[in-house]
Amino acid sequence: MRPRSGGRTGDRQRNLALAVGLIAAFMTLLDVSIVNVAVPSIQRALKASPSELQWVLSGYALTFGLVLVAAGRFGDIRGRRNVFIAGLALFTLASAAAGLATSPEWLIIARLIQGAAAGIVNPQVVGMIEQMFQGPERGRPFGLLGSVIGISTAVGPLLGGLLIALIGTHEGWRLVFFVNVPVGIAAIVFGWRVLPAHRPGPRQSLDPVAVLLLGIGVTLLLLPLIEERQWQGWLKWLLVPAAGLVLAGFVHWERRYRRRGEPLFDLALFRHRSYTLGCLLALLFFAGFTALFFVFTLFLQNGLRYSALAAGISVTPFALGSALSAILGGRLVNRYGRPLVAIGLVLVAIGVVGIMVALHFVPGRGAPYATAIPILLAGVGSGLVITPNQTLTLAEVPVERGGSAAGMLQTGQRIGSAAGIAGVGTVFFSALAATHGGWSRAFRDALLITLGFVLIALAAAVVDILAGRREARRHAAGAGR
């Protein structure tokens, strides 16, 4: 039942439900990056090999992206509150198991389960926002969600560094996982009380063949991207065309299945220009957005020998800028539409160029101070991209399809993040090898690739703006006849 706006009780319940969803989203998205700074401690404590450490990091991202669409659709048809609570409970248990790990294998399995649980939770948050808020009302909650996405990605290294500094490098990494347990339990208790209940409708199948095809396709696509540095040779890239074939089979199956039942994902959503270009823009932007922090953290910690805590503090301006502008973007998106996204992308591009210019003049240990203003500008731009784009992308999606539509959007974001880290990382490490440890040069080269992703995303936004104006002129001409 959707609480109605206009009454104090309904508004209070909606706001409490939104708060629970945002806390859960923050916690699950934070675990994408917070573990990065704990890797040296985990390596020493568990005697983990480089390959095992890679799976501790990438296994979470893999299973996260793997279940998004199926989990979103399952919430659409079986009740988002129930699926949200189940996913959050699984995430909390997996976090506790990760904190108790005594071997690399134990930790890897816990991280795989933790990632899958995060993939179950996140589409429900977007689906519940669509369920509880309508039309222009969605700007504010999506603005807050955009803040959560920006902050969680940027402050992961900072919070990880603080937690490790609190207990010590030997056992402090366990607190990175244990901190999720009390927060998760509280979110489960409050979520059960305030989240909107499911009103049963006609019983529908989850379309298991489509779940299997999509899962295999996404896995084949993500694996070579995530394992780009660990799997040597070119044969791994054969998985990409294999993924294309499996995903083509998924599309064919869904078109056939639609004739006799409700598909896992309604491909008709891609007929909406706002949804198609919004998904593409999100994929491209997250390719640059996530990769920026990947190489910046490496540059600061490995190149300039900053501590995990100091490196985390260095990206704080991005988090602050993103948090504030995401809320502002949520309020302005209904007035300005896609041009607001384009403005945000321009600001991000200027910020990335500013970082390169700053590093040219201040290449040494003063780099974090020199890059603070450009990083703040990039953060402001990011907040004006993530929130408005998510609002516009899902604007024409029916509420009953909100979970699966959000799942596909977030799957694109996960694929974009993996592709960006793979592409930018390849350039970064190649330049590092070619210059025999020239960290500043390698970082600047990597930023050029990041800038390229942002500019392509800007091109997609401009295409949408121009198409929208042509459509508006056609409607105006038709109305005048």
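Not measured: the values here are computed from a predicted model.

Student: Lay out the overall build of the protein with the relevant residues and their values.
Tutor: Counting its regular elements, the protein contains 18 helices and 0 strands. Computed over its C-alpha atoms, the radius of gyration of the protein comes to 22 Å, within 12% of the 23 Å expected for a compact globule of 481 residues. Dimensions of the protein, computed from the C-alpha atoms along their principal axes, are close to 65 × 55 × 50 Å. Working note: accessible area of the protein is about 19900 Å², and carbon and sulfur atoms make up 67% of it. The averaged location of the 19 negative side-chain charges in the protein is 5 Å from the averaged location of its 41 positive side-chain charges.

Student: Can you lay out the packing of helix α6 (residues 139-167) against helix α13 (residues 316-336) for me, pointing to particular residues and giving the numbers?
Tutor: In contact at an axis separation of 7 Å, α6 and α13 are set at 170° when each is read in the N-to-C sense. On the basis of their axis angle, the class for α6 and α13 is roughly antiparallel. From α6, Gly139, Arg140, Gly143, Leu144, Gly146, Ser147, Gly150, Ile151, Ala154, Val155 and Leu158 reach across to α13, where they touch Thr316, Phe318, Ala319, Ser322, Ala323, Ala326, Ile327, Gly330, Arg331, Val333 and Asn334. Here the contact of α6 with α13 is composed, by residue class, of 11 nonpolar, 9 polar and 2 charged.

Student: I'd love a proper account of a nonpolar patch on the surface, names of residues and values included.
Tutor: The grouping of Trp234, Leu235, Trp237, Leu238 and Val240 at the surface amounts to a nonpolar patch, some 530 Å² of accessible area in total. When you line up the elements, leucine 238 lands in the loop between α9 (208-226) and α10 (239-257).

Student: Give a description of the pattern of salt bridges that names residues and reports values.
Tutor: Side chains that differ in sign of charge can pair as their charged atoms come close. For the coordinates displayed, the defined rule picks out 8 salt bridges. Salt-bridge contacts for aspartate 445 lead to arginine 441; the nearest nitrogen and oxygen are separated by 3.2 Å. Here aspartate 445 pairs with arginine 441, and both are found in helix α18 (residues 439-479), just 4 residues apart, close to one helical turn. For aspartate 445, a relative accessible area of 19% corresponds to the buried category.

Student: Hey, could you go over the nonpolar core for me, with residue numbers and the actual values?
Tutor: By size, the foremost hydrophobic cluster in this structure holds 139 residues, and its most contacted members are Phe84, Leu107, Leu145, Tyr275, Leu345 and Phe443. With 17 residues, helix α11 (residues 273-303) is the single largest residue contributor to this core. Among residues more than four places away in sequence, those in contact with tyrosine 275 are Phe265, Leu269, Phe270, Thr393, Leu394, Val397, Ala405, Met408 and Leu409.

Student: Go over a positive patch on the surface, please, and point to the residues and values.
Tutor: The grouping of Arg469, Arg470, Arg473 and Arg474 at the surface amounts to a positive patch. By the element assignment, arginine 473 lies in helix α18.

Student: Give a description of the packing of aromatic side chains that names residues and reports values.
Tutor: Applying the stated criterion across every chain, the model contains 14 aromatic pairs. Residues tryptophan 173 and phenylalanine 177 carry aromatic rings whose centres are separated by 6.2 Å and whose planes lie at 85° to one another, so their mutual orientation is edge-to-face. With tryptophan 173 and phenylalanine 177 both in helix α7 (residues 172-178), this residue pair falls 4 residues apart, about one helical turn. Assessed through its relative accessible area of 0%, tryptophan 173 is described here as buried. Take phenylalanine 177: its relative accessible area is 0%, and that puts it in the buried class. Note on phenylalanine 285 and phenylalanine 286: the rings are 6.3 Å apart at their centroids and 90° apart in plane angle, and the pair reads as edge-to-face. By relative accessible area, phenylalanine 286 is classed as buried at 4%. Taken together, the ring pairs in this structure connect Phe285, Phe286, Phe289 and Phe318 into an aromatic cluster. Over the aromatic face of tryptophan 192 sits the side chain of arginine 81, whose NZ or CZ is 4.3 Å from the ring centroid.

Student: Describe α10, naming the residues involved and giving the relevant values.
Tutor: In this model α10 runs 26 Å from its N-terminal to its C-terminal C-alpha over 19 residues, within 8% of the 27 Å that 1.5 Å per residue would give. Along α10, the residues classified as buried are Ala243, Val246, Phe250, Glu254 and Tyr257. Taken end-on, α10 shows its buried residues confined to a sector of 85°, consistent with a single buried face. Structural note: α10 exposes Leu245 and Arg255 on the side pointing more than 90 degrees away from its buried face. In this structure, the buried side of α10 is in contact with α9.

Student: Describe the packing of helix α5 (residues 104-132) against α6, listing the residues and the values that go with them.
Tutor: The N-to-C vectors of α5 and α6 enclose an angle of 160°; their axes lie 10 Å apart at closest approach. One way to sum up the angle between α5 and α6 is to call them roughly antiparallel. Seen along the crossing, α5 lies across α6 with a hand that is right-handed. Side by side, α5 and α6 meet where Val125, Val126, Ile129 and Glu130 of the first sit next to Pro141, Phe142 and Leu145 of the second.

Student: How would you sum up the confidence of the model for the protein? Please name residues and give values.
Tutor: Predicted confidence across the protein gives a mean pLDDT of 85, with 95% of residues reaching 70 or more. Ranking the elements of the protein by mean pLDDT puts helix α12 (residues 308-314) last with 74 and helix α4 (residues 80-99) first with 94. Low pLDDT, under 50, characterises residues 1-7; the predicted model gives this stretch 21 contacts beyond four residues in sequence or across chains.

Rules of the game
Residues numbered from 1 in each chain as written. Predicted model: local features only at pLDDT ≥ 70, side-chain atom pairs only at ≥ 80, totals over all residues. Heavy atoms only, no water. Helix = DSSP H or I, 4+ residues; strand = E, 2+ residues; numbered from the N terminus. Rg over C-alpha atoms; globule rule 2.2 N^0.38 Å. Areas by Shrake-Rupley, 256 points an atom, 1.4 Å probe, with all protein chains shown as cover. Lys, Arg positive; Asp, Glu negative; His and termini not counted. Charge placed at Lys NZ, Arg CZ, Asp CG, Glu CD. Axes fitted to C-alpha atoms, helices over the stretch in contact; angles between N-to-C directions. Parallel < 35°, antiparallel > 145°, perpendicular 65-115°, else oblique. Contact = heavy atoms within 4.5 Å. Nonpolar A, V, L, I, M, F, W, Y, C, P; charged D, E, K, R; others polar. Patch = residues over 30% accessible without salt bridge, like charges linked within 9 Å, V, L, I, M, F, W, Y side chains within 5 Å. Salt bridge = Lys/Arg side-chain N within 4 Å of Asp/Glu carboxyl O. Buried < 20%, exposed > 50% of the residue type's maximum accessible area, 1.4 Å probe, protein only. Core = buried A, V, L, I, M, F, W, Y, C linked by side-chain atoms within 4.5 Å. Phe/Tyr/Trp six-rings, centres within 6.5 Å; stacked < 30°, edge-to-face > 60°. Lys NZ or Arg CZ within 6 Å of the ring centre and 35° of its normal. Expected span 1.5 Å × (residues − 1). Arc of directions from axis to C-beta. Left-handed = near helix turned anticlockwise from the far one by under 90°. pLDDT = per-residue confidence, 0-100.

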